[in-house]
There are 2 protein chains.
Amino acid sequence: MVKYSDANLDAVFAALADPTRRAILARLSSGEARVTELAQPFAMSLPAITKHLGVLERAGLISREKDGRLRRCHLDAGPLREACSWIEHYRQFWETRLDALSQYLEENESKEESDGNSTG
Amino acid sequence: MVKYSDANLDAVFAALADPTRRAILARLSSGEARVTELAQPFAMSLPAITKHLGVLERAGLISREKDGRLRRCHLDAGPLREACSWIEHYRQFWETRLDALSQYLEENESKEESDGNSTG
DNA sequence: ACTATATTTAACCATATGGTTAAATATAGT
DNA sequence: ACTATATTTAACCATATGGTTAAATATAGT
């Protein structure tokens, strides 16, 4: 029953393709924050953050609410639903280990814990 | 227990941000295909497709196997796992309807079917 | 060897992206 | 009104992206 547009997916995935923006979303997942608060952890100018917020807002992932001279930003996770459902479609392909890479990663993850094998 | 690099997520999400590339992945999910086969549905030159395949390959989402003068491409869904798990992290935010947008969309979806309310 | 087919590479172009600094805007506090 | 603070806008820059056409490369088929 999905009726979202492809264009929306474009914007959402593009927004997620930047580590600064993912970090901003992560931050907002623990509650709303003002722009300066969001900017604080980054070695980047405020205008750069404003731009990132613009990208996130256009993707529908956050909204900004004016509150006096500051703007409170909060997470709008809605669009992540369609992104998730797009990716989920491929779940079988990494879960059933149809691809070698996934298998390789699996093995390495286990090795990290146990490491009892002298395969090398 | 995720240990993937951020850079990898960047590449994966960026790769997914293009409708042509998502369509290519969709196509490959029903079995491997040659470059010309993949190119066929698109009103776009072959070199453009080659570039898209390059982006997908660099993101680890496909691999190309040389087979005579043609190249068989196949899906490597592995990297989608981390992308999925990143997004899944936010699942609560759209499922518990903490955000107004998600709620709004929900309502509109139901309204499409029932439409018995005269709330306006 | 020659020709056709499959694909990539090179060179180019327009636009988008991610950053900067300086200036503008809006509100809060006096 | 003046000053400080929060944020955005404008102008700019370098690089990335997504496309093009023309040429190169590799293999298949004769």
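Conventions adopted
Residues numbered from 1 in each chain as written. Chains lettered and ligands numbered in written order. Predicted model: local features only at pLDDT ≥ 70, side-chain atom pairs only at ≥ 80, totals over all residues. Buried ≥ 20, exposed ≤ 12 C-beta atoms within 10 Å, placed from the backbone. Helix = DSSP H or I, 4+ residues; strand = E, 2+ residues; numbered from the N terminus. Pairing = 2+ DSSP bridges. Contact = placed C-beta atoms within 7 Å. Axes fitted to C-alpha atoms, helices over the stretch in contact; angles between N-to-C directions. Near = placed C-beta within 6 Å. Nonpolar A, V, L, I, M, F, W, Y, C, P; charged D, E, K, R; others polar. Parallel < 35°, antiparallel > 145°, perpendicular 65-115°, else oblique.

Colleague: Whenever I open this one, helix α5 (residues 78-88) of chain A confuses me. Can you help?
Modeller: Each turn of an α-helix holds 3.6 residues, which means side chains three or four residues apart point in the same direction. Burial within α5(A) is extensive, with 9 of its 11 residues counted as buried. Taken residue by residue, α5(A) has A:Gly78, A:Pro79, A:Leu80, A:Arg81, A:Glu82, A:Ala83, A:Cys84, A:Trp86 and A:Ile87 as its buried positions.

Colleague: Would you take a moment to explain the pairing of strand β2 (residues 62-67) of chain B for this structure?
Modeller: Consecutive residues of a regular strand have side chains that alternate between opposite faces of the sheet. Bridge count between β2(B) and strand β3 (residues 70-75) of chain B: 6 bridges; the pairing is antiparallel. Bridge pairing links B:Ser63 to B:His74 in β3(B).

Colleague: Before we go on, may I ask you to explain the sheet that holds β2(B) in this structure?
Modeller: Two strands in a sheet stick together by hydrogen bonds in their backbones, pointing the same way (parallel) or opposite ways (antiparallel). All names here are of chain B. One open sheet accounts for 3 strands, arranged β1-β3-β2; its pairing is antiparallel. Among the strands making up the open sheet, the edge pair consists of β1 (33-34) and β2. Packing against the sheet, helix α2 (residues 19-28) makes contact with β1, β2 and β3, and its axis sits at approximately 90° to β3. Contacts from helix α4 (residues 46-58) reach β2 and β3 within the one sheet, and its direction differs from that of β2 by about 120°.

Colleague: When you look at the sheet that holds strand β1 (residues 33-34) of chain A in this model, what are you seeing that I'm missing?
Modeller: Residues and elements named next belong to chain A. Across the sheet, 3 strands lie side by side as β1-β3-β2; this open sheet has antiparallel pairing. A single partner strand is all that each edge strand has here, and the edge strands are β1 and β2 (62-67). In the packing of helix α2 (residues 19-28) onto the sheet, contacts are made with β1, β2 and β3 (70-75), and the angle to β3 comes to roughly 90°. Of the strands in this sheet, β2 and β3 are in contact with helix α4 (residues 46-58), which crosses β2 at around 120°.

Colleague: Hey, could you run me through the protein's contact with DNA strand D in this one?
Modeller: With respect to spatial proximity, 24 residues lie near DNA strand D, and among them A:Thr36, A:Pro47, B:Ser45, B:Ala48 and B:Gly68 are the closest. Where the surface near DNA strand D is concerned, the elements lending two or more residues are α3 (35-39), α4 and β3 of chain A together with α4 of chain B. Per element, the largest residue contribution to the surface near DNA strand D is 5 residues, and it comes from α4(B). Tallied by class, the residues present in the surface near DNA strand D amount to 11 nonpolar, 6 polar and 7 charged.

Colleague: Explanation requested: the packing of α2(B) against α4(B) in the structure shown.
Modeller: Working note: a packed helix pair is described by the angle between its axes plus the distance between those axes. Residue and element names in this part refer to chain B. Relative to each other, α2 and α4 sit at 70°, their axes nearing to 10 Å. When the interaxial angle is binned, α2 and α4 end up roughly perpendicular. Of the residues in α4, those in contact with Thr20, Arg21 and Ile24 of α2 are His52, Val55 and Leu56. Residues of the contact of α2 with α4, tallied by class, amount to 3 nonpolar, 2 polar and 1 charged.

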